[in-house]
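# Report on the structure
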Amino acid sequence: MEYLKISQILKDQPVGKEITVKGWLRSVRKNKSFSFLVLNDGTCQGTLQVIVDADAVENYEEVSSLLIGSCVRIDGLIVESGGKGQSVEMQGKAVEIYGKTDESYPLQKKGTSLEFLREKAHLRPRTNLFGAVFRVRHQLAMATHKFFDQQGFYYLNSPILTAVDAEGAGEMFQVSTMDLANIPKHKDGSVDYSTDYFGKETSLCVTGQLEGECFAMGMGSVYTFGPTFRAENSNTPRHLSEFWMIEPEVAFMDLEGNAKLAQDYIQFLIKHTMENTSEELEAIDKFLGFQAKQNKEKYESHLPILEKVRDTKFEVISYTDAIDILNKSGKKFEFKPEWGVELQTEHERFLSEEHFKGPVTVTDYPKDCKAFYMKQNEDGRTVRAMDVLVPGVGEIIGGSQREEDLGKLKQRISEMGMHEDPLWWYLELRKFGTAPHSGFGLGFERAIRYVTGMSNIRDVIPFPRTPKNCDF
Ligand code: 4AD
Ligand code: MG
């Protein structure tokens, strides 16, 4: 008998055909002479209702007493459904029980809290909500590859192990095979890395940008899409210790081109997910509305707003103007906006949510707020940086035009107290055939949060890693 996934059955509606389905029980309603089993297999939002007659299957007693979460294989006939809200259903002919559950199965009732589900991260893929979120995540990944491929970019796998602190922020997870209880030291007390695996200090990457630049300076346009790691002690709904980042890097592109690329990419992501996962987006929206109602909060669906963002040009303003807007807003912030200091999340959210009511690209930040590699402006105070801020999340993209002048770059590295040595190869890009170039990084989970409307970043990555939390 042909085995069909539920997404296929609901799409093709093979009425009159005998087929096999496999999945987990969402509900069981038992009557004396027949039972309803509702099955989901994770391939779509939809479920398949199976009617099992007592005299149709030999193990009826066992089947009709199955609990939610049990896993079964059912052979049966697809028929048109008389029930509301479903097109077809199945008349069960044989049921094989793969795995039963018991009363301790944690996903018993609807409306379980997101916090609770985080502790059951191994089981949450079986819920309606997480099925939806992770199908959207999948489509956002597909959209990313499609967008950059169509634009003539090459997909680059940048290394995860690295000997450079590419953001210069010191937020690196060290990688070592040394015996931590017995670390070899030099006479002056510093660690002797010569006996370590790589013979030098190494860490997990915080970005793939610098390697991306090497390839952009040879292949024109590339993008990375991989995991990145930050040992920052931020316990917020928008920070993870391990997150995924997409980093395009383009030769001969200036900051204006960079901002345009960022806008086109975000709009493509929205368009693609709206076309391919509309059921999922609506299911998530419904959940969020329900959750808000339970918490007695007001809820406004973000789906109509997303549609507008998909079709409207993003606002672009300078950092200096942004500080001005914040200071003239009359709004009381926890941190007073001050020129020279990086924008806080509350500032970013005010700008995008309340002032512009949509995505806004902020450019030309003070050089002391940003990384060493950004192109310095003539004014000597600012750099050609850009952050894209969106409602609900704040910063979703960080990027810049890169400093292509060897002398200026070296000077900045020394001003920031960094060491040139590990960056010798990066500096050689400026020594041999340098060129203007730009790029940015999109935080994948922040983009998923933005598109789905989910409010905590821990609920859009399969297994979140945050300070003091590395379970599963
Ligand atoms: O602004 P960031 O630090 O920029 C870079 O890493 C550059 N190398 C990118 C580039 O120009 N190629 O990080 C880029 C984006 C942020 O805008 C944010 O969306 C996300 O990565 N991000 C995080 N997401 C989740 N958890 C964290 N701890 C994040 N830190 C940054
Ligand atoms: Mg940033």
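A short tour of the structure in this document, coming up. Please read these numbers as outputs of a predicted model, since none were measured by experiment.

### What about helix α6 (residues 255-276)?
With 22 residues, α6 should cover 32 Å at 1.5 Å per step; its first-to-last C-alpha distance of 31 Å lies within 8% of that length. One side-chain oxygen of the residue at the start of α6 lies 3.3 Å from the amide nitrogen of E256, identifying that residue as D254.

### A few points about the site of ligand 1
Taken together, 24 residues lie around ligand 1, and E167, Q209, R230, E247 and E395 are the ones closest in. At 2.5 Å from a nitrogen atom of ligand 1 is found a side-chain nitrogen or oxygen belonging to E167. Every element with two or more residues in the shell around ligand 1 is listed here: β12 (242-251), β16 (394-401) and β17 (437-443). It is β16 that provides the largest number of residues to the shell around ligand 1, a total of 5 residues. Here the residues of the shell around ligand 1 are counted per class, giving 8 nonpolar, 8 polar and 8 charged.

### Here we look at the pairing of strand β4 (residues 48-53)
If a strand is regular, its side chains alternate between the two faces of the sheet. Burial of β4 is extensive: 5 of the 6 residues sit out of reach of the surface. Where β4 meets strand β6 (residues 88-99), 2 bridges bridge the pair, whose relative direction is parallel. Each bridged residue has a counterpart across the sheet, and for I51 the counterpart in β6 is Q91.

### A short note on the sheet that holds β17
Sheet architecture is open: 8 strands sit in the order β7-β11-β12-β17-β16-β15-β14-β13, paired in mixed fashion. Single-partner strands in this sheet number two, and they are β7 (154-156) and β13 (315-318). Pairs of neighbouring strands in the sheet enclose a mean axial angle of 20°, with direction left out of account. Both β13 and strand β14 (residues 360-363) contribute to a ladder of 4 bridges, which runs parallel. Looking across to β14, one finds that I317 is bridged to V362. Each of β7, β11 (221-229), β12 and β17 is contacted by helix α5 (residues 209-219), which is oriented at about 25° to β12, the strand it contacts most. Docked against the sheet, α6 engages β12, β14, β15 (385-390), β16 and β17, running at close to 30° with respect to β17.

### Digging into the pattern of salt bridges
Per the counting criterion, the structure on display carries 27 salt bridges. With a shortest N-O distance of 2.9 Å, K100 and E62 are connected by a salt bridge. Here K100, found in the loop between β6 and α3 (114-119), pairs with E62, found in helix α2 (residues 60-64); they are 38 residues apart in sequence, far enough to count as distant. On the basis of relative accessible area, E62 is assigned to the partly exposed category, the value being 39%.

### Some words on the nonpolar core
Within the largest apolar cluster, 59 residues are counted, with the highest numbers of intra-cluster contacts made by I396 and I397. Dropping the residues within four chain positions of it, I396 is found in contact with I266, V388, V390, G441, L442, G443, R446, A447 and Y450. Formed by 29 residues, the second largest nonpolar core is a distinct cluster that contains Y365, A371, Y373 and V383.

### Notes on the packing of aromatic side chains
Aromatic ring pairs: the centre-centre distance and the angle between the two ring planes describe each pair. Applying the stated rule across the entire model yields 20 aromatic pairs. Within the aromatic cluster, the residues linked to one another by ring pairs are F147, F148, F153, Y155, Y223, Y265, F268 and F440. Geometry around Y365 places K370 over its ring, the cationic atom sitting 4.2 Å from the centre. Above the face of the Y426 ring, R430 is positioned so that its terminal group lies 4.2 Å from the ring centre.

### Quick notes on the side chain of T361
Position of T361 among the secondary structure elements: in strand β14. Note on T361: relative accessible area 2%, which makes it buried. Beyond its immediate chain neighbours, meaning those up to four positions away, T361 contacts A259, F314, E315, V316, I317, M386, D387 and V388.

### Observations concerning the packing of α6 against helix α8 (residues 303-311)
Running from N to C, α6 and α8 point in directions that differ by 130°, and their axes come no closer than 8 Å. Here α6 is positioned oblique relative to α8, judged by the angle of their axes. As α6 packs across α8, the resulting crossing turns out to be left-handed. Only L303, L306, E307, V309, R310 and D311 of α8 make contact with α6, whose side of the interface consists of Q267, I270, K271 and M274.

### Description of the sheet that holds strand β10 (residues 202-204)
The strands that make up a sheet are held in pairs by hydrogen bonds between backbone atoms, and each pair lies either parallel or antiparallel. Pairing is antiparallel in the open sheet, where 3 strands are placed in the order β8-β10-β9. Each edge of the open sheet is held by one strand with a lone partner, namely β8 (161-162) and β9 (174-175). Across 2 bridges, β9 lies against β10 in antiparallel orientation. Within β10, the position partnered with V175 by the bridge is T202.

Rules used in this analysis
Residues numbered from 1 in each chain as written. Chains lettered and ligands numbered in written order. Predicted model: local features only at pLDDT ≥ 70, side-chain atom pairs only at ≥ 80, totals over all residues. Heavy atoms only, no water. Helix = DSSP H or I, 4+ residues; strand = E, 2+ residues; numbered from the N terminus. Expected span 1.5 Å × (residues − 1). Polar contact = N/O pair within 3.5 Å; in protein donor to acceptor, adjacent residues only side chain to side chain. Near = heavy atom within 4 Å. Nonpolar A, V, L, I, M, F, W, Y, C, P; charged D, E, K, R; others polar. Buried < 20%, exposed > 50% of the residue type's maximum accessible area, 1.4 Å probe, protein only. Pairing = 2+ DSSP bridges. Axes fitted to C-alpha atoms, helices over the stretch in contact; angles between N-to-C directions. Contact = heavy atoms within 4.5 Å. Salt bridge = Lys/Arg side-chain N within 4 Å of Asp/Glu carboxyl O. Core = buried A, V, L, I, M, F, W, Y, C linked by side-chain atoms within 4.5 Å. Phe/Tyr/Trp six-rings, centres within 6.5 Å; stacked < 30°, edge-to-face > 60°. Lys NZ or Arg CZ within 6 Å of the ring centre and 35° of its normal. Parallel < 35°, antiparallel > 145°, perpendicular 65-115°, else oblique. Left-handed = near helix turned anticlockwise from the far one by under 90°.

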